[in-house]
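# Descriptive structure summary
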Amino acid sequence: MNARQVSYRLIVCAIILYSATVTASQYADYSRRPLSEMLEVYSKFEASFQAGSNYNVGAAAALMANIGQKGGREVLPFLKEKSFDPETHELIRSAAAEAYVDIADVEESAEFMRKLYRDPSVQGSGRYFLNKKFLGRVGAEEKTLTPETKKSIAAFLLGIVQNVENSGEANDADRFLLDRIPEYANSRQRATLCRFANTGNAWVTNTYNPIKAHFDAIPPKQRIDLRKRFPDLPPLPDDAPARSPVKVAIAVAVGFVALAVCAVAAWLAVRRRRVRETT
């Protein structure tokens, strides 16, 4: 490569770097723009993403956060839509979800979180940090929440303890519940956390091996089943598989048929004996 080619490539790189800097600075300060203009800028980002370019994902995520800061409840439908849009980049979805939880009240946020955890496309660090933000909101406003809302949130967190695959999310839910539901400490629901013992790094080991040791000392029959208090909780992993009503009906019918066959066989045996006695 000669000196002219080197110079040419350096100039091209400089132009690209300058263009990127200009683009970034163009969208860097959203706080001074009206909400309508922010939404218009985001629509341009979205058009470029749909065209196959992810060049401005970071800027779009920053813009989404600023839309949440600038807007009020009027942007909640927009933020909710983008949070659950599978075609939207995960960074932007995470920014929209955090903005939603910041603006919505706790009851709305709780329903939002339940829906989010049912969505298989929402995973990873974004959900982990969003869960922390949600629990922070709940803790800060706990005294103003109704008993029904507290119970609903506790049931949601118990579901996380039982089923989530992320050990960090499970730990946050575990600590929250330990501080608020005394019987949770020795519950069958908490015992499901033993699945994380001996499965990861030093933090996972130090967090979950003591929980396993705790439940190793508690016979399963002495563990509390919180479904008596929270009847809508999902089944536990060690539950016997539920039998469908159709299968139960078939089993009952088969039982009646078997009893009828036995009765007929016994009657025929008695009849044959009587016939032999009279001959």
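An account of the accompanying structure is given in this report. Just so you know, these numbers come straight off a predicted model, no measurement behind them.

Reading guide: rules and limits
- Residues numbered from 1 in each chain as written.
- Predicted model: local features only at pLDDT ≥ 70, side-chain atom pairs only at ≥ 80, totals over all residues.
- Heavy atoms only, no water.
- Helix = DSSP H or I, 4+ residues; strand = E, 2+ residues; numbered from the N terminus.
- Buried < 20%, exposed > 50% of the residue type's maximum accessible area, 1.4 Å probe, protein only.
- Contact = heavy atoms within 4.5 Å.
- Salt bridge = Lys/Arg side-chain N within 4 Å of Asp/Glu carboxyl O.
- Phe/Tyr/Trp six-rings, centres within 6.5 Å; stacked < 30°, edge-to-face > 60°.
- Lys NZ or Arg CZ within 6 Å of the ring centre and 35° of its normal.
- Core = buried A, V, L, I, M, F, W, Y, C linked by side-chain atoms within 4.5 Å.
- 1 Å grid on protein atoms, 1.4 Å probe; cavity = no way out; pocket = protein on both sides within 12 Å on 5 of 7 lines; lining within 4 Å.
- Points joined across faces, edges and corners; volume = space filled by probe spheres on them.
- Nonpolar A, V, L, I, M, F, W, Y, C, P; charged D, E, K, R; others polar.

Before going further, it helps to spend a moment on the environment of Ser167. Tracing the backbone shows Ser167 in helix H9 (residues 167-178). You can call Ser167 buried: its relative accessible area is 16%. Between the C-alpha atom of Ser167 and that of Arg195, which follows or precedes it by 28 residues, the distance is 9.5 Å. Excluding its chain neighbours within four sequence positions, the residues that come into contact with Ser167 are Phe196, Trp203, Val204 and Tyr208.

Another aspect to go through is the pattern of salt bridges. Within the structure shown, the criterion is met by 20 salt bridges. Glu169 is the salt-bridge partner of Arg127, the closest N and O atoms lying 3.1 Å from each other. Here Arg127 is found in helix H7 (residues 125-141), whereas its partner Glu169 is found in helix H9, with 42 residues between them in sequence.

Counted under the stated rule, the structure contains nine aromatic pairs. Ring centres of Phe45 and Phe49 lie 6.4 Å apart, and the angle between their planes is 15°; this geometry places the pair in the stacked category. Pair noted here: Phe45 and Phe49 are both in helix H2 (residues 35-50), with a separation of four residues, about one helical turn. Per residue, the accessibility class of Phe45 equals that of Phe49, and both read buried. The structure contains a cluster of three or more aromatic residues connected by ring pairs, namely Phe84, Tyr100 and Phe112. When the ring centre of Phe84 is taken as reference, the NZ or CZ atom of Lys115 above it lies at 4.7 Å. The aromatic ring of Phe176 is capped on one face by Arg180, whose charged end is 3.6 Å from the ring centroid.

The subject of this paragraph is the nonpolar core. Of all hydrophobic cores here, the largest spans 63 residues; its most connected members are Phe112, Phe134 and Leu157. In this structure, Phe134 is in contact with Val101, Val106, Ser109, Ala110, Met113, Ile153 and Phe156, ignoring residues within four places of it in sequence.

Here we come to the layout of surface pockets. Its boundaries defined by the atoms lining it, the largest pocket holds a volume of some 480 Å³. Along the wall of the largest pocket there are 21 residues; nearest its centre are Tyr117, Phe156, Gly159, Ile160 and Asn163. Those elements giving two or more residues to the lining of the largest pocket turn out to be helix H6 (106-118) and helix H8 (147-163). Per-element tally for the lining of the largest pocket: the top contributor is H8, with seven residues. Residue composition of the lining of the largest pocket, by class: 10 nonpolar, four polar and seven charged.

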